[in-house]
Amino acid sequence: MSMRRWACPLARLALVAPFIGATASAQVQLRVASQRDAEGHAWWQHAVFYEVYPRSFGDANNDGLGDLNGITQHLDYLQDLGVDAIWITPCYPSPQVDFGYDVSNYEDIASEYGTLADFDRLHAEAQRRGIRIIFDLVVNHTSDQHPWFLESKASRTNRKRDWYVWRDGKGPNVPPNNWTAIFGGSSWQYDPATGQYYYHAFYRQQPDLNWRNPAVETAMLDVTRWWYARGVSGFRLDAVNTLFEDPQLHDNPTRPGVNAYGDQEQVRKYDDNLPENHRVLRALRQVADTYDAVLIGETWTDDVQQLKAYYGSNHDEVHMPMDLMFTELGRTPGARVQRLDARAFRRHIAAMETSGEWPVYVVSNHDIPRVATRFADGQHDDQIAKAIGAFYLTLRGTPVMYYGEELGMQNNDPQRKEDVKDPIGIKGWPKEKGRDGERTPMQWTHGPNAGFNAGAKPWLPAPPSARTHNVATENADRTSVLSVYKAVLKLRHEDPAVRDGSYVPLNEDDPNVMSYLRRYKDDVVLVVINMSGQDRTAKFDLSAQGLSGAGARPIVQSAARGDLSGVKLGAYGIFIAEVK
Ligand code: NOJ
Ligand code: CA
């Protein structure tokens, strides 16, 4: 696992009345309608999801850190863009060692991000615009400042001792085994007061919960109920592959080489992807289904079969396991820069299509460099960003966007170690510069601080390219990355072929131009993307599909012209047309 890899049913209408937690808005009975369309699709299958990193989206109180009110202020933008659900990365109280992924209270909002009242307002305003809110559930670990852990470490006999994974060392100063943390060093931290080690898959400030203890499961399921009752429509489940470890604590086999933190590489045989994970996912799913909520998985997998397992053998686990393999296609191992590789995409999409599952495509997130940076060639960067959007947002499945992606926003990596905020960047410098570069403030205007706030210096700096790549400037330019994203998202919402249709690959031998149909009954949309930096021509004979191909009506075109007898595409050109 690399550092970044931690890292048809019948239409039905079910009405259920779930239990509402005692702390939630009185004992109101919530009636949830689980609605499906004629294709049997649930709401989340038609939704466009958009990840918001709250620290970086909008800073309403001008203290340099984004906040919930800053998200509320920008809901009109999200609605206009075509977003149906926002996944907000953790905004619970936290010491912020891992910028929120170290939770010290699951049932509140971090004071730097606002209050529960701010959340209620955000939820109400989002609901008015048809936007749902997804929270991030850090299931694997808590902060070492969470009261559960403070109790657990208080003594060996504390009633919460077994809520975490405590073990004796092998001897003085020798941890229980050779497992290494995903963020470097041993996964075992010695606690001198009680003379035992506790296990942490990530930072030492993130002790792993012991999911073998039923009390942990009960507490975490209650957390989900608490937020469902307050209005969230689902959770993105953090680090779901690390919930369990081998109880016998076998050493992991080692591999040649060392990672960015100087640790011996190892095969994560005994501390990753254990079968017991699935039991927990089924329990979380049962509760989620009661609320017509969705579970999105942070599912780093090696192949489609592994990904398929997360849906559950009876479709009873994660609704939307994110296809994070999609972020790695076209990458030479070890290299940062990627290239669009039509053949690799075609093969991967074919594998997803034959899996029988509903794909969940992702091109970037807060843990990996921005997509516009990964694929940049220094000459056609904007056109590449447009091509990527036009491509994956017209595939069958549900997309999960990352904030700023729609602007062609680029990474702004720290140049000096002393500027790094992300601890893995400090620990791994210069080999691993951390994740600050992909977490910089959303670029709203060409003004000071990119319009993120009108006050204190933002916690991370916006890049100089914010002067040209920002919402205000791009909204005024019909050819901008933002305008292409908006046009494609509009199509996704309005055209049944793009929303519900099948995926039919075309010209499968073409190494440069990716072409496919999306087809729903008589409605057919052709998508053609030049994945190369050279001019290309693509020709189409759609007779095998029972289509004459006459009268193609272009819907979205960028650096492309022509008709089905010859679509002429400039570098990374896009041609999307309705065909008969
Ligand atoms: C995955 C999250 O996306 C990442 O940001 C975090 O550092 C780890 N899980 C640990 O929670
Ligand atoms: Ca703020």
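Located above this text is the structure these notes cover.
Here is what the cut-offs are and how they apply
- Residues numbered from 1 in each chain as written.
- Chains lettered and ligands numbered in written order.
- Predicted model: local features only at pLDDT ≥ 70, side-chain atom pairs only at ≥ 80, totals over all residues.
- Heavy atoms only, no water.
- Axes fitted to C-alpha atoms, helices over the stretch in contact; angles between N-to-C directions.
- Helix = DSSP H or I, 4+ residues; strand = E, 2+ residues; numbered from the N terminus.
- Parallel < 35°, antiparallel > 145°, perpendicular 65-115°, else oblique.
- Left-handed = near helix turned anticlockwise from the far one by under 90°.
- Contact = heavy atoms within 4.5 Å.
- Pairing = 2+ DSSP bridges.
- Donors = N, O, S within 2.8 Å, 3.2 Å for Na, K, Ca; no water.
- Near = heavy atom within 4 Å.
- Polar contact = N/O pair within 3.5 Å; in protein donor to acceptor, adjacent residues only side chain to side chain.
- Areas by Shrake-Rupley, 256 points an atom, 1.4 Å probe, with all protein chains shown as cover.
- Nonpolar A, V, L, I, M, F, W, Y, C, P; charged D, E, K, R; others polar.
- Expected span 1.5 Å × (residues − 1).
- Buried < 20%, exposed > 50% of the residue type's maximum accessible area, 1.4 Å probe, protein only.
- Core = buried A, V, L, I, M, F, W, Y, C linked by side-chain atoms within 4.5 Å.
- Salt bridge = Lys/Arg side-chain N within 4 Å of Asp/Glu carboxyl O.
- 1 Å grid on protein atoms, 1.4 Å probe; cavity = no way out; pocket = protein on both sides within 12 Å on 5 of 7 lines; lining within 4 Å.
- Points joined across faces, edges and corners; volume = space filled by probe spheres on them.

Undergrad: Please set out the packing of helix α6 (residues 214–230) against helix α7 (residues 277–290) residue by residue, giving values where relevant.
TA: Across the interface, α6 lies against α7 with an axial gap of 10 Å and an inter-helix angle of 30 degrees. By the criterion of interaxial angle, the relationship of α6 to α7 is roughly parallel. Where α6 crosses over α7, the handedness of that crossing is right-handed. Residues Glu217, Leu221, Thr224, Arg225 and Tyr228 of α6 form the contact with α7, whose own contacting residues are Arg279, Ala283, Leu284, Val287 and Ala288.

Undergrad: Please provide a residue-by-residue account of the sheet that holds strand β8 (residues 196–199), values included.
TA: A sheet is described by the order of its strands in space; here three strands give the open sequence β6-β8-β7, paired in antiparallel fashion. The open sheet has two edge strands with one neighbour each: β6 (166–167) and β7 (188–191). With two bridges joining them, β6 and β8 adopt antiparallel strand pairing. Its bridge partner being in β8, Trp166 is matched across the sheet by Tyr198.

Undergrad: Please give an account of the coordination of the calcium ion (ligand 2) that cites residues and values.
TA: Of the protein atoms, only Asp59 (OD), Asn61 (OD1), Asp63 (OD), Leu65 (O) and Asp67 (OD) coordinate the calcium ion (ligand 2), at distances of 2.2 to 2.3 Å. Positions of the donor residues of the calcium ion (ligand 2), expressed as sequence spacing, correspond to D-x1-N-x1-D-x1-L-x1-D.

Undergrad: Before we move on, can you summarise the site of ligand 1 with the specific residues and values?
TA: Among the 13 residues in the neighbourhood of ligand 1, the closest are listed as Asp98, Asp238, His366, Asp367 and Arg435. A distance of 2.7 Å is found between an oxygen atom of ligand 1 and a side-chain nitrogen or oxygen belonging to His366. Contacts to ligand 1 include Arg435, whose side-chain N or O atom sits 3.0 Å from an oxygen atom. About the coverage of ligand 1: the protein hides 100% of its 300 Å² of free accessible area. Considered class by class, the residues forming the shell around ligand 1 number four nonpolar, two polar and seven charged.

Undergrad: Let's hear about helix α14 (residues 481–494): which residues, and what values?
TA: Spacing of three or four residues puts side chains on the same side of an α-helix, whose turn is 3.6 residues. Here α14 is 14 residues long and its end C-alpha atoms lie 20 Å apart, about the 20 Å a rise of 1.5 Å per residue gives. Those residues of α14 that sit buried are Val481, Leu482, Ser483, Val484, Tyr485, Val488, Leu489, Leu491 and Arg492.

Undergrad: I'd like to hear about the environment of Leu274, residue by residue, with values.
TA: With respect to the helices and strands, the residue Leu274 is situated in the loop between β11 (264–266) and α7. Placed 33 residues apart in sequence, Leu274 and Asn241 show a C-alpha to C-alpha distance of 7.3 Å.

Undergrad: Go over helix α11 (residues 381–392) with me, naming the residues and quoting the values.
TA: Its 12 residues give α11 an end-to-end C-alpha distance of 17 Å, which sits within 8% of 16 Å, the value for a rise of 1.5 Å per residue. Of all the 12 residues making up α11, 10 are buried; the element is thus mostly covered by neighbouring parts of the structure. Buried residues of α11: Gln383, Ile384, Ala385, Lys386, Ala387, Ile388, Gly389, Ala390, Phe391 and Tyr392, and no others.

Undergrad: A description of the nonpolar core should follow, citing residues and the corresponding values.
TA: Counting 144 residues, the largest nonpolar core has Phe49, Tyr50, Phe135, Trp227, Phe391 and Tyr392 as the members making the most contacts within it. The element contributing the most residues to this core is α6, with eight residues. When neighbours within four sequence positions are excluded, Trp227 is seen to be in contact with Tyr92, Tyr106, Glu107, Asp108, Ile109, Leu116, Phe119, Phe135, Val232 and Phe235. Val524, Ala538, Phe540 and Ala560 belong to the second-largest nonpolar core, a separate cluster that totals 17 residues.

Undergrad: Just give me the short version of the pattern of salt bridges, but keep the residues and values in it.
TA: Counting across every chain of the model gives 32 salt bridges. Where Glu151 meets Lys160, a salt bridge forms, and the shortest distance between an N and an O atom there is 3.6 Å. In this structure Lys160 comes out as buried when scored by relative accessible area, which is 7%. Notably, a salt bridge pairs Arg279 with Glu217, separated by 2.7 Å at the nearest N-O pair. Remark: Glu217 occurs in helix α6 and Arg279 occurs in helix α7; sequence separation between them is 62 residues. Accessibility expressed as a relative area gives 38% for Arg279, which makes it partly exposed. The class of Glu217 is buried, set by a relative accessible area of 16%. Beyond isolated ion pairs, a larger network of salt bridges with shared partners links Asp98, Asp367, Asp422, Arg435 and Arg439.

Undergrad: Requested: an account of empty space enclosed by the protein, with residues and values cited.
TA: In this model, the second largest cavity occupies a volume close to 50 Å³. Along its surface, the second largest cavity is lined by Phe326, Thr327, Phe345, Val363, Arg374, Phe375, Ile388 and Phe391.

Undergrad: Any chance you could break down the side chain of Asn158 for me, citing the residues and the numbers?
TA: Mapped onto the secondary structure, Asn158 falls in the loop between α5 (147–152) and β6. Residue classification places Asn158 among the buried residues on the basis of a relative accessible area of 18%. Contacts of Asn158, omitting those with residues within four sequence positions, involve Glu151 and Ser152.

Fair warning: the whole summary comes from geometry, so function is off the table for now.
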